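Chains, contacts and geometry: an overview
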Amino acid sequence: MSSSSPTRHAVVIGAGIVGVCCAYELWRDGYRVTLVEHASPGGEQAASYGNGAWLSPSSVVPMSMPGLWKKIPGYLFNADSPLRLRWWALPMLAPWLLRFLLAGRSKAQVQVTARALSQLLHDAPERHRVLADAVGRPELIRKAGLLYPYPTRDSFLAEALAWQLRRENGIVWEEVEGERLRALAPDLGPHYRFGIHVPAGGNCTNPGDYVAAIATFLQARGVALKQARALDFARAGAAPSGALEAVLTDQGRIDCDLAIIAAGVHSRALAQAAGDRVFLESERGYHVVFEQPGFEVTPPLMPGDAKMAITSTTRGFRVSGQVELATIGAAPDWGRAELLRRFALNHFPALAGNADHTARIDGTHLPKGLKRWMGHRPSTPDGLPVLGPSQGTRGVFHAFGHGHVGLASAPASARLLADLIRGGPSIFDARPYAIQRFRRG
Ligand SMILES: Cc1cc2nc3c(=O)[nH]c(=O)nc-3n(C[C@H](O)[C@H](O)[C@H](O)COP(=O)(O)OP(=O)(O)OC[C@H]3O[C@@H](n4cnc5c(N)ncnc54)[C@H](O)[C@@H]3O)c2cc1C
């Protein structure tokens with residue numbers, strides 16, 4: 001641990017995976033750290049609780065890809081598509097959506113994005129292994145690879161650009177069929193006859209517990225956990241050049257030298273309070289958990305034609321996915337979770353053996369032995385997080401916008417941010433994540 005800044009006080013707002021990783025790195029760098037969280041670290045309110053649990057170096061493919069715009073009308077009207085746009089939210093989402101589509105306007109553009117994602121993801125499983133060891137919970141991280149099953153080899157070839165981006169960023173894979181595919185996924189139904197195995201992938205066996213474990217570890221070493229909602233910042237001087245004096249919360253003022261905004265999808269309001277304009281919206285996602293599936297998937301799976309992460313966790317067999325563009329406060333559409341349940345039942349024959357699993361999920365009914373969840377991916381239009389200093393308040397730093405890859409990329413993001421705060425050389429090029437990119441439109 002460095003003792004370069006032993007008395008400086010850093011407040012980290014938000015105890016999801018990104019916030020606790022930032023707190024961990026700042027604590028290691030010798031700061032006095034306070035974590036401000038209005039609920040509980042890794043609790044159900046956080047995206048970090050219910051995600052697909054993938055630690056995937058291959059998740060370098062941005063959501064917005066060339067040609068996506070042609071599919072938007074279908075997404076508006078097809079209730080079963082994996083990406084759903086609630087039409088009434090369109091006026092509110094339009095500025096973000098426009099930038100989202102522009103982010104995928106060309107192959108060259110998505111290659112740049114993929115490179116920037118790769119910096120954060122290429123060694124994610126190893127970074128998590130080291131972190132889980134350090135906090136005394138090594139069993140929460142597994143490195144058993146990841147499997148992408150496809151109905152046929154042709155359906156894999158139809159995603160040529162996605163796999164080209166992966167290849168260009170050093171992802172190595174093995175094509176699997178027949179016996180080898182069955183050995184990797186013995187419980188998967190016969191619809192899938194081809195697969196891509198990425199041996200370097202990993203997963204977390206319980207993302208919520210993992211976040212809580214990191215927070216507990218830090219608390220035992222002097223990091224304060226303050227249950228409060230951060231609302232604003234006190235500055236000496238006005239934005240855009242004022243210097244931070246304190247974080248203002250619903251439980252009072254916390255004087256500090258630094259504040260890190262790591263509040264997931266709620267970071268936009270805090271960034272605005274700091275004087276920064278960001279484009280950040282919720283890509284809402286869902287999961288269902290079959291608590292007693294009777295089998296495990298190792299490695300975890302993501303069927304190429306369904307885009308769902310299917311992972312065995314300590315709480316059960318988790319199927320997560322769906323992208324729903326709507327406002328943060330809109331009521332969940334449990335029909336999205338029902339799609340996940342139905343998919344799992346159709347493709348994992350063993351699940352149908354339990355009669356409870358065959359009952360529909362709807363707004364009022366949750367079958368026995370199933371859990372459902374909705375959460376908010378904190379997403380920027382280009383799919384890259386915002387990491388670095390605020391433009392509006394000196395001493396405020398951003399660590400949000402991790403979209404689909406926040407669990408995997410949190411340790412590298414936190415290390416990069418800590419390097420930027422320290423002002424020394426950083427582990428890799430921080431420019432792709434700078435907030436200034438929103439100014440460029
Ligand atoms: C369905 C789904 C599947 C996903 N699958 C994967 C996956 O397989 N792999 C992967 O890497 N990523 C995945 N993700 C994305 C990942 O979960 C997120 O990117 C990541 O969890 C974001 O972490 P965070 O810490 O930024 O935000 P969060 O986890 O949302 O945490 C933010 C925290 O800030 C707190 N907070 C908010 N506002 C305030 C305030 N004003 N004051 C104090 N506290 C505040 C909240 O209570 C919360 O605890 C998935 C997401 C979803 C929804």
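Worth saying up front: this structure is predicted, and the values here are computed from it rather than measured.

**Regarding the overall build of the chain**
If you tally the helices and strands in the chain, you get 13 helices and 21 strands. Since a compact globule built from 441 residues should have a radius of gyration of about 22 Å, the 21 Å found for the chain is in line with a globular shape. Along the three orthogonal principal directions, the C-alpha set of the chain runs to about 65 × 45 × 45 Å. Looking at the chain alone, contacts between residues at least 24 apart form 73% of all its contacts between residues at least 6 apart. Distance between charge centres in the chain, computed from 48 positive and 37 negative side chains, equals 4 Å.

**Some words on the site of the ligand**
Surrounding the ligand, one finds 37 residues, the nearest of these being E37, Q45, S48, G403 and A408. Side-chain polar atom of E37 to an oxygen atom of the ligand: 2.6 Å apart, as the coordinates give it. Between an oxygen atom of the ligand and a side-chain N or O atom of H38, the distance comes to 3.2 Å. In isolation the ligand offers 1,000 Å² of accessible surface; the protein chains occlude 96% of this area. Considered class by class, the residues forming the shell around the ligand number 20 nonpolar, 14 polar and three charged.

**Details of the side chain of R318**
For R318, the location among the structural elements is in strand β17 (residues 316-325). D209 provides the closest opposite charge to the buried, salt-bridge-free R318, at an N-O distance of 8.5 Å. A distance of 3.2 Å separates a polar atom in the side chain of R318 from the backbone oxygen of Y49. Here R318 is in contact with Y49, G50, N51, P207, H287, V288, V289, A309, I310, T311 and T313, once residues within four sequence places are set aside.

**Details of the sheet that holds strand β6 (residues 146-150)**
The strand order across the open sheet formed by three strands is β6-β8-β7, and the pairing between neighbours is antiparallel. A single partner strand is all that each edge strand has here, and the edge strands are β6 and β7 (174-177). Going from strand to strand, the sheet's axes swing by 25° on average, the running direction of each strand aside. For β6 and strand β8 (residues 194-198), the ladder comprises five bridges, and the chain directions are antiparallel. Paired with Y148 across the two strands is I196, which belongs to β8.

**Things to note about unusual backbone geometry**
Following T298, the chain continues into P299 via a peptide bond in cis, with omega recorded as 5°. On the secondary structure map, P299 appears in the loop between β15 (281-290) and β16 (308-313). Look at K307: it is not a glycine, yet its phi comes out positive at around 55°. We classify K307 as partly exposed; its relative accessible area is 39%.

How each quantity is defined
Per chain, residue numbering runs from 1 following the sequence as it is written. Totals for whole chains, interfaces and linings use every residue, but because this is a predicted model, local features are given only for residues with pLDDT of at least 70 and side-chain atom pairs only at 80 or more, for both listing and counting. Hydrogens and water are ignored here; the side-chain numbers use all heavy atoms of the structure. Strands are runs of DSSP state E lasting at least two residues, helices are runs of H or I lasting at least four, and both sets are numbered from the N terminus onward. Within these notes, the globule rule equals 2.2 Å times the number of residues to the 0.38 power, and the radius of gyration is based on C-alpha atoms. Note on contacts: a residue pair is in contact if any heavy atoms of the two residues lie within 4.5 Å. In this tally, Asp and Glu contribute negative charge and Lys and Arg positive charge; neither His nor the terminal groups of the chain are included. Each charge is placed at NZ for Lys, CZ for Arg, CG for Asp and CD for Glu. For each residue, the test is whether any non-hydrogen atom lies within 4 Å of the molecule or strand; if one does, the residue is near. Polar contacts, as used here, are pairs of N or O atoms within 3.5 Å; protein pairs need one atom able to donate a hydrogen and one able to accept it. Residues neighboring in sequence count only if both atoms are side-chain atoms. All accessible-area figures derive from a Shrake-Rupley calculation using a 1.4 Å probe, and residue coverage is judged against the displayed protein chains alone. Following the grouping adopted for this structure description, the nonpolar residues are Ala, Val, Leu, Ile, Met, Phe, Trp, Tyr, Cys and Pro, the charged ones are Asp, Glu, Lys and Arg, and the polar ones are all others, Gly among them. Three labels apply to residues, based on accessible area from a 1.4 Å probe with only protein chains included: buried if under 20% of the type maximum, exposed if over 50%, partly exposed otherwise in between. Take a side-chain nitrogen of Lys or Arg and a carboxyl oxygen of Asp or Glu: if they are within 4 Å of each other, that pair is a salt bridge. When DSSP finds two or more bridges between a pair of strands, those strands are recorded as paired. Only the stretch in contact is used when a helix axis is fitted, and all axes are lines through C-alpha atoms; the angle between N-to-C directions ranges over 0 to 180 degrees.

Such coordinate-based values are descriptive only and should not be taken to indicate function.
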